[in-house]
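Inside the fold
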Amino acid sequence: MIGRWNVEINFADGNKRSLRFDAEDHGKGTFLLLDPMLSRWGPAKPSEAKWTPGEQSSVTFSGAVEFPIGNVGRDPGTLMFKGKFETPDAITGEVEFAPLVGERPSKHGSFKATRTQ
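Residues numbered from 1 in each chain as written. Predicted model: local features only at pLDDT ≥ 70, side-chain atom pairs only at ≥ 80, totals over all residues. Heavy atoms only, no water.

**Brief notes about the pattern of salt bridges**
Any two side chains of opposite charge can pair, on the condition that their charged atoms come close. Our working definition: Every case where a carboxyl oxygen of Asp or Glu lies within 4 Å of a side-chain nitrogen of Lys or Arg is listed as a salt bridge. Helix and strand definitions follow DSSP, with helices as H or I runs of at least four residues and strands as E runs of at least two, each counted in order from the N terminus. Burial status follows relative accessibility: with a 1.4 Å probe on protein chains alone, a residue under 20% of its type maximum counts as buried, one over 50% as exposed, and anything between as partly exposed.
Summed over all chains, the structure comprises 5 salt bridges. Between Asp22 and Arg4 there is a salt bridge, with its nearest N and O atoms 2.7 Å apart. Of the two residues, Asp22 sits in strand E2 (residues 16-23) while Arg4 sits in strand E1 (residues 3-11), which places them 18 residues apart along the sequence. Between Arg20 and Asp22 there is a salt bridge, with its nearest N and O atoms 3.3 Å apart. Exposure remark for Asp22: the relative accessible area of 14% places this residue in the buried category. Salt bridges linked by common partners bring Arg4, Arg20 and Asp22 together as one network.

Here it is as structure tokens:
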């Protein structure tokens, strides 16, 4: 799992997001949001993430993110990824975004992570 991963997220509502996950030793790591909207906000700041290996080539990783909304808002929440290694350099699975603000339900979707380093 250790390395740099590009993660493509497809939510069930058709919304797509991208981020980079830098997985480090001992289940630690960082998320860095990759979003064209950030050009209006300034560069993204990495946020703390963690990962846990599971059974039969499975892995879970999670952390906090703030998705930009339009050019004026942010949607803070927690992303939780549950996936399986398809190859040593590719993981696919399910993702859930749990918003931290407001009484809204979680968003669900799928993801694909590709190792870049």
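**Regarding the packing of aromatic side chains**
The condition is simple: For this analysis, a ring pair means two rings from Phe, Tyr or Trp (six-membered ring only for Trp) whose centres lie within 6.5 Å, classed as stacked if their planes differ by under 30 degrees, edge-to-face if by over 60, and tilted for the remaining angles.
Enumeration according to the criterion identifies 10 aromatic pairs in this entry. Ring geometry for Phe61 and Phe81: centres 4.5 Å apart, planes at 15 degrees, overall stacked. Taken together, the residues Phe61 in strand E5 (residues 58-69) and Phe81 in strand E6 (residues 73-87) connect sequence positions 20 residues apart. Given a relative accessible area of 0%, Phe81 falls into the buried group. When the ring of Phe61 is compared with that of Phe111, the centres are 5.6 Å apart and the planes differ by 85 degrees; the resulting orientation is edge-to-face. Placement of the pair is Phe61 in strand E5 and Phe111 in strand E8 (residues 107-115), with a sequence separation of 50 residues. Neither residue differs from the other here; Phe61 and Phe111 are each classed as buried. By way of ring pairs, the aromatic residues Phe21, Phe31, Phe61, Phe81 and Phe111 are connected into one cluster.

**Section: the pairing of strand E7 (residues 90-99)**
Here is the rule: A pair of strands is considered paired only if DSSP assigns at least 2 bridges between the two.
As judged from the 10 bridges shared by E6 and E7, these two strands associate in the antiparallel manner. Paired with Phe81 across the bridge in E7 is Val95. When E7 meets E8, the two strands line up antiparallel, connected through 8 bridges. When the bridges of E8 are listed, Gly93 appears paired with Phe111.

**As for the sheet that holds E8**
Put simply, the rule is: Simply put, an axis is a line fit to the C-alpha atoms, just over the touching stretch for a helix, and the angle between two N-to-C directions goes from 0 to 180 degrees.
Spatially, E1-E2-E3-E4-E5-E6-E7-E8 is the arrangement adopted by the 8 strands of the closed barrel, whose pairing is antiparallel. Each strand of the sheet is rotated relative to its neighbour by a mean of 30 degrees, with strand direction disregarded. Sheet analysis places E1 next to E8, joined by 7 bridges and oriented antiparallel. Note on E8: the bridge partner recorded for Val7 is Ala113.

**Describing the nonpolar core**
Heads up, the condition is: The definition of a nonpolar core used throughout is a set of buried Ala, Val, Leu, Ile, Met, Phe, Trp, Tyr and Cys residues joined through side-chain atoms within 4.5 Å. A contact between two residues is defined here by any heavy atoms of the two lying within 4.5 Å.
Of all hydrophobic cores here, the largest spans 23 residues; its most connected members are Val7, Leu19, Phe21, Phe61, Leu79 and Phe81. Sorting the residues of this core by element identifies E1, E2, strand E3 (28-34), strand E4 (47-53), E5, E6, E7 and E8 as the ones contributing at least two each. Beyond its immediate stretch of four places on either side in the chain, Phe21 contacts Met1, Gly3, Arg4, Trp5, Val7, Gly29, Thr30, Phe31, Ala49, Trp51 and Phe61.

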